[in-house]
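Commentary on secondary and tertiary structure
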Amino acid sequence: MKILVVNSGSSSIKFKFFSMPEEKLLAGGSIERIGKEDARFRASVTSPPGEVTDVVAKIGDHREGLSKVIDWLLAKETELIDDIEEIEAVGHRVVHGAELFQAPTLIDSKVLRGLADCTALAPLHNPANILGIEVATGLLPKAPQVAIFDTAFHQSIPDFAYRYAVPESFYTDYKVRRYGFHGTSHSYVAKQAASYLDRPIDELNLITIHLGNGASMAAIKNGQSVDTTMGLTPLEGLIMGTRCGDLDPAIPFYMMEEAGFDTDQIDNLLNKSSGLKGVCGFNDMRDIETRASQGEAAPKLALNMFCYRVKKYIGAYAAALGRLDAVVFTAGIGENSATVRELCCENLGIFGLEIDAQKNIDVQAKICPIQKDTSTVKVFVIPTNEELEIAIQTLDLLNTKD
Ligand code: ADP
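Everything in this summary refers to the structure shown in the same document.

What counts, and at which threshold
- Residues numbered from 1 in each chain as written.
- Predicted model: local features only at pLDDT ≥ 70, side-chain atom pairs only at ≥ 80, totals over all residues.
- Heavy atoms only, no water.
- Helix = DSSP H or I, 4+ residues; strand = E, 2+ residues; numbered from the N terminus.
- Buried < 20%, exposed > 50% of the residue type's maximum accessible area, 1.4 Å probe, protein only.
- Lys, Arg positive; Asp, Glu negative; His and termini not counted.
- Charge placed at Lys NZ, Arg CZ, Asp CG, Glu CD.
- Axes fitted to C-alpha atoms, helices over the stretch in contact; angles between N-to-C directions.
- Parallel < 35°, antiparallel > 145°, perpendicular 65-115°, else oblique.
- Contact = heavy atoms within 4.5 Å.
- Nonpolar A, V, L, I, M, F, W, Y, C, P; charged D, E, K, R; others polar.
- Left-handed = near helix turned anticlockwise from the far one by under 90°.
- Polar contact = N/O pair within 3.5 Å; in protein donor to acceptor, adjacent residues only side chain to side chain.
- Near = heavy atom within 4 Å.
- Areas by Shrake-Rupley, 256 points an atom, 1.4 Å probe, with all protein chains shown as cover.
- Arc of directions from axis to C-beta.

1. Some details on the overall build of the protein
When helices and strands are tallied, the protein shows 15 helices and 14 strands. In the protein, buried positions account for 49% of the 402 residues. Treating the 39 positive side-chain charges of the protein as one cloud and the 54 negative ones as another, the clouds have centres 2 Å apart.

2. Quick notes on the packing of helix H6 (residues 183-197) against helix H15 (residues 386-401)
The geometry of H6 relative to H15 is characterised by a closest axis approach of 9 Å and an angle of 85 degrees between their N-to-C directions. With respect to their mutual orientation, H6 and H15 come out roughly perpendicular. Here Thr184, Ser185, Ser187, Tyr188 and Lys191 of H6 come into contact with H15, specifically with Glu386, Leu388, Glu389, Ile390, Ile392 and Gln393. Here the contact of H6 with H15 is built from residues that sort into four nonpolar, four polar and three charged.

3. So, the packing of helix H7 (residues 250-259) against helix H8 (residues 263-272)
Two elements in contact, H7 and H8, have axes separated by 10 Å at closest approach and are oriented at 125 degrees. When the axes of H7 and H8 are compared, the pair comes out oblique. Seen from above, H7 lies across H8 with right-handed handedness. Taking contact as the criterion, the partners of Pro252, Met255 and Met256 in H7 are, on H8, Thr263, Ile266 and Leu270.

4. Some points on the side chain of glutamine 155
Mapped onto the elements of the fold, glutamine 155 is located in the loop between strand E8 (145-149) and helix H4 (159-162). A relative accessible area of 12% places glutamine 155 in the buried class. Polar contacts involving the side chain of glutamine 155 include one to the main-chain carbonyl oxygen of alanine 98, which spans 3.4 Å. For glutamine 155, the side chain forms a polar contact with the side chain of glutamine 102, separated by 3.2 Å. Ignoring anything within four residues of it in the chain, the contact list for glutamine 155 reads Ala98, Glu99, Phe101, Gln102, Arg177 and Tyr179.

5. Quick word on the site of the ligand
Around the ligand, the surrounding shell holds 13 residues, and the nearest of these are Asn213, Asp284, Met285, Gly332 and Asn336. In the model, an oxygen atom of the ligand is placed 3.4 Å from a nitrogen or oxygen of the isoleucine 333 main chain. Across the complex, the protein chains shield 67% of the 570 Å² of accessible surface that the ligand would expose by itself. Those elements giving two or more residues to the shell around the ligand turn out to be helix H10 (285-293) and helix H12 (331-336). Ranked by the residues each element gives to the shell around the ligand, the list is headed by H12, at four residues.

6. Examining H10
Taken residue by residue, H10 has Met285, Ile288 and Ala292 as its buried positions. Projected down its long axis, H10 carries its buried residues within an arc of 60 degrees, all on one side. The outward face of H10, more than 90 degrees from its buried face, is lined by the exposed residues Arg286 and Ser293. Tucked into the core, H10 has its buried residues touching helix H9 (275-280), helix H11 (297-321), H12 and helix H13 (338-344). The opening residue of H10 is aspartate 284, an N-cap whose side-chain oxygen sits 2.8 Å from the backbone nitrogen of arginine 286. Phi turns positive, to about 95 degrees, at glycine 295, one or two residues after H10.

Take a look at the structure:
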């Protein structure tokens, strides 16, 4: 079965095209700056490599954008499909499913109304996701459309971990609670770790650490998420590229009083000008590492703060889990930065976790164990693949419906 995975943003569409169940990536690409004169459509075929498209031209809206993707899949040169009906299903990334959607969901008009109900919780993301679903449904009416939620994997978190200690009406009337995000990534790397260890996932206790521009961790007990660092929104938890992560909640009020910021400014400052960027002016970990190694104080501080926060949560989640089988690093920073992994795991011998300095440096783009032989906890670096996980979950859902 050929499955198109769509990640629709407010002015972008990212896609990957898979042949399943072989998990074979056939093609992928993106459209950026939708609605602008200089929209950019980039796409490439996996095999034969080299069939690359890169066009800058006006793309009026998401409908026109997705039409271009489908035309490209159908084009003779790509040799991917001859008929539109060969796109047998579409898996959509949806950021927020609130408590309404706890699993992959086949989309119909009732589900679309439910997604609209979740919009207040993700005003920047859900409308764009819904638009992508509507456009794909119009262009591919025969293909089942499936929603895969960033939040769903964390719906197993118990109430004492997802509730905030605020008046109950915040939760009952306004749905304020921890939801967590990056669920497809945490779920994917957890399953990869289980398959590498050749053990059933429901017997494993893991801490998964997704360190990209956005960053989050999950405590996974017997295969199920029991806690995660992001909260009502992706702002909570770890220090990120431009997001502050955990904060004394009084700081925004204090700064509104003292510096005269309004709510929009505070929102912007905490989401876009904080995190690594706020501390040292850079949000790309490569720049930070280079400057820190040259002795610059602010990048060094940013690096230390970033890794200390991760380490603190490893300790917290080890306590929450009781027994820890493995820790998994993933995403751009987690997969590529030996320095970050080393600092995050420093002095964790108390939990039986020790990484091997050489194995940590020798990591390649595949599942790599990096713990010392004496470490009782395994430590893995595992490349994440959120789009593949969306295709897998889409296929699983369609198979169970048959
Ligand atoms: P996103 O959240 O945008 O998907 P990614 O998972 O692609 O993010 O991670 C992007 C981050 O990965 C970049 O900000 C960069 O700091 C980091 N990164 C990528 N390669 C390296 C590297 N070799 N060393 C350190 N950090 C890296």
